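The residues making up each chain are set out below.
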Amino acid sequence: MDELRAAVAIARKDIRNLSRYRLVVGSMIFTPLYQGVLPGLLFGASFAVAGRVVGLEKTIGTDDLSGFIFFGGVISSLVATAFWAMGMSFRNEQEMGTLEPTWLTPTSKSTLVIGRALGGMFWLVFSQIAIFSVGILFFGLRVRWEMLYALPALVLATIALVGLAHLLAAIVLSIRDANLFIDCTNFLFATASGVAFPVSFLPGVLQPIAFALPTTYATDILRQHALGTRPLLDPVLEYAALVVSTIVMFPIGRWAFSAAERRMRVRGTIGQY
Amino acid sequence: MTDAFTRADLRALIASARASLRVMRRYPTQWIGQIFWPVLLPAVWVLIGQAYSGGGDPRAMDAFAARSGTTGITVFIFVGYAMYMWLSTLLWGPGTELRRNQMTGTLEAIFLTPVSRLVPLFGPTLTTVIWTAFQLGVMSIAVWLLFGIVLPWQGALLSLLVVVASLPAMYAVGALFAASVLKFGETGPIVQFVRGMLSLLCGITFPIVMLPGWAQAVATAMPPTYVVASMRDALLKDASPLDLLPSVLILFALALVFGVLAITVFRVLERSARRTGMLGRY
């Protein structure tokens, strides 16, 4: 119960901190729109024949371009939350000099990650509601209630990403140029998860990596239910792969985080970066 | 006297460029990003293009060709992203240099020197030429290694000339942004916004005929639009130097307009900052 209270307190602190920077909160909504959605829609529309994106229909089984982009954006934001709000936030605390006092509290170190996950999820839901509202109002986005069937896949992917965030935090606390590392790996992870295009278009050597990521299956399951796209694999197999990859990713992340923490305590490097 | 001041300003300009070069050298990990992003960003958009075209469905490709004038999606995207990377370098580098000086507490010291105010405004922009040239080289190699496309040497040469001819206009845009930063303070979200808007207007990933009429009209006042269009013409449509001449002349004219605008905005904001004591605050 104490750990839960600590996690909620961390989440409340993160939410309060970010809400003080209105420009940053605004950019959480507008940046994805003008950097991803609008260029994607206009690029896709330039392949349209008589108003239908026939190429996309051939690729995924539906010509719903805006749905393809917006639902890819959900997973992209989920991944970004794990990388930036959870993983990278440890470096931010390090830079502010507040990591050592936090580390000295009797709270489990894992609670620090989970608290950030809760805060990150709050902003994720907030920004996605705003982005989807813009999509429905201005970009012809249609939302079907069947998309709710994808909720279990999203929950599993979130658990896997919390595991990944432990691993990222371990790396961030161990390297110097964490910003570049998080920026590049976030991009690669999201791309390999198929948020921008189906992973079948990745070069052959990269496809095994894509199929090892839980988010690849979560993206595909979400699009199947929300848009009626053709599945990459049998949906039962996709769920099985999602469960297995989550079961693998979570303990690996926890183990890496514990190892990094132990190493930092022994070497006394917690305040160094 | 004027001569002496001009020579001193020139020396200060070179010193400012050397300072930027030295900072660039001290952070070698920046080079990783300068290879990663110019390759991966456009490569992903090429794959998006393949997905949107149904893996090269003839109807989709014809539609794209009708709007862009080419079916060469790969070069089309890579040229667009060469401009995107250039804009990023301009806006994140010299565009935020005044702000960085403000945060490190060196802006007041620089402004106390007797050099022309144009030195801190234009000095740091000189070194970005190195990044831009490096990125163009990386992208040319990436197009060849990842997609097997060898750029025609005449087109590549002509594109390089277009880049050289557009330097004054592009750096005038960068200087205008840098001057405005004195007013805004926090730069991160503003850089993202300006870069995002310019990317949308200038057809980085899509043909600008896809934009509504008013946005196309705005795009015609932006130097990157002409640079991207000229490079695409040179590389994809075998345009001759004569074909590109009108665009180059427009770029020179825009360099003048943006240059004068940057200097004027900078002077107005500097005067205001001196009056309000904003120079050292952030």
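The structure displayed is predicted, hence computed values, not measured ones.

Glancing now at the confidence of the model for chain A. Interpretation of the predicted coordinates at a detailed level should be avoided for regions scoring low in pLDDT. Model confidence for chain A is summarised by a mean pLDDT of 92, while 100% of its residues fall at 70 or above. Of all secondary-structure elements in chain A, the lowest mean pLDDT belongs to helix H5 (residues 89-96) of chain A, at 81, while helix H11 (residues 214-227) of chain A reaches the highest, 97.

Now for a positive patch on the surface. Taken together, the side chains of Arg-18, Arg-22, Arg-25 and Arg-26 of chain B present a region of like positive charge at the surface. Residue position: Arg-25 of chain B is located in helix H1 (residues 2-26).

What follows covers the packing of helix H4 (residues 65-87) of chain A against helix H9 (residues 178-192) of chain A. All names here are of chain A. At a minimum axis separation of 10 Å, H4 and H9 run at an interaxial angle of 165°. Between H4 and H9, the crossing angle belongs to the class labelled roughly antiparallel. The crossing of H4 and H9 is right-handed. Taking contact as the criterion, the partners of Val-79, Ala-80, Phe-83 and Trp-84 in H4 are, on H9, Asn-179, Ile-182, Asp-183, Thr-185, Asn-186, Phe-189 and Ala-190. Residue composition of the contact of H4 with H9, by class: 7 nonpolar, 3 polar and 1 charged.

This next bit is on the environment of Arg-5 of chain A. All names here are of chain A. Here Arg-5 lies in helix H1 (residues 2-19). Relative accessible area serves as the criterion here: at 59%, Arg-5 is assigned to the exposed category. The spacing of Arg-5 and Thr-81 is 76 residues in sequence and 21 Å in space, taken between C-alpha atoms.

Turning our eyes to something else, we now look at unusual backbone geometry. Even without glycine at this site, Ala-50 of chain A takes up a positive phi of about 50°. With respect to the secondary-structure elements, Ala-50 of chain A resides in the loop between helix H2 (22-45) and helix H3 (54-60). Phi is positive for Asp-238 of chain B, which is not a glycine, with a value near 50°. Turning to its location among the elements, Asp-238 of chain B is positioned in the loop between helix H12 (223-236) and helix H13 (241-276).

A word on the nonpolar core. Counting residues in each nonpolar core, the largest one holds 152 residues, and the members touching the most others are Phe-43, Phe-90 and Trp-103 of chain A together with Tyr-52 of chain B. Ranked by residue count, the leading element in this core is helix H4 (residues 73-92) of chain B, at 14 residues. Beyond its immediate chain neighbours, meaning those up to four positions away, Phe-90 of chain A contacts Leu-99, Trp-103, Leu-112, Val-113, Arg-116, Ala-169, Leu-173 and Phe-257 of chain A. Leu-91, Val-181, Ile-190 and Val-191 of chain B belong to the second-largest nonpolar core, a separate cluster that totals 5 residues.

Attention now moves to empty space enclosed by the protein. Residue and element names in this part refer to chain B. A full pass over the atoms with the stated rule returns 1 cavity of 30 Å³ or more. The volume enclosed by the largest cavity comes to roughly 50 Å³. Mapped onto the lining of the largest cavity, the elements with two or more residues apiece are H4, helix H8 (128-147) and H12. Split by residue class, the lining of the largest cavity holds 7 nonpolar, 2 polar and no charged.

To continue, consider the interface of chain B and chain A. Contacts between the two partners involve 40 residues from chain B and, on the opposite side, 36 residues from chain A. Taking both partners together, chain B and chain A bury about 3,200 Å²; carbon and sulfur atoms supply 76% of that area. Linking chain B with chain A are 1 salt bridge, by the criterion used here. The closest approach of N and O atoms between Asp-57 of chain B and Lys-58 of chain A, which form a salt bridge, is 3.6 Å.

Residues and elements named next belong to chain A. Taken together, the side chains of Met-1, Leu-4, Val-8, Ile-114 and Leu-118 define a hydrophobic patch exposed on the protein surface, amounting to about 490 Å² of accessible area. Those elements giving two or more residues to the nonpolar patch turn out to be H1 and helix H7 (109-138). Tracing the backbone through its elements, the reader meets Met-1 in the segment before H1. On the accessibility criterion, Met-1 (76% relative accessible area) is exposed.

Definitions and limits used
Residues numbered from 1 in each chain as written. Chains lettered and ligands numbered in written order. Predicted model: local features only at pLDDT ≥ 70, side-chain atom pairs only at ≥ 80, totals over all residues. Heavy atoms only, no water. pLDDT = per-residue confidence, 0-100. Helix = DSSP H or I, 4+ residues; strand = E, 2+ residues; numbered from the N terminus. Patch = residues over 30% accessible without salt bridge, like charges linked within 9 Å, V, L, I, M, F, W, Y side chains within 5 Å. Areas by Shrake-Rupley, 256 points an atom, 1.4 Å probe, with all protein chains shown as cover. Salt bridge = Lys/Arg side-chain N within 4 Å of Asp/Glu carboxyl O. Lys, Arg positive; Asp, Glu negative; His and termini not counted. Charge placed at Lys NZ, Arg CZ, Asp CG, Glu CD. Axes fitted to C-alpha atoms, helices over the stretch in contact; angles between N-to-C directions. Parallel < 35°, antiparallel > 145°, perpendicular 65-115°, else oblique. Left-handed = near helix turned anticlockwise from the far one by under 90°. Contact = heavy atoms within 4.5 Å. Nonpolar A, V, L, I, M, F, W, Y, C, P; charged D, E, K, R; others polar. Buried < 20%, exposed > 50% of the residue type's maximum accessible area, 1.4 Å probe, protein only. Core = buried A, V, L, I, M, F, W, Y, C linked by side-chain atoms within 4.5 Å. 1 Å grid on protein atoms, 1.4 Å probe; cavity = no way out; pocket = protein on both sides within 12 Å on 5 of 7 lines; lining within 4 Å. Points joined across faces, edges and corners; volume = space filled by probe spheres on them. Buried area = accessible area lost by both parts, 1.4 Å probe.

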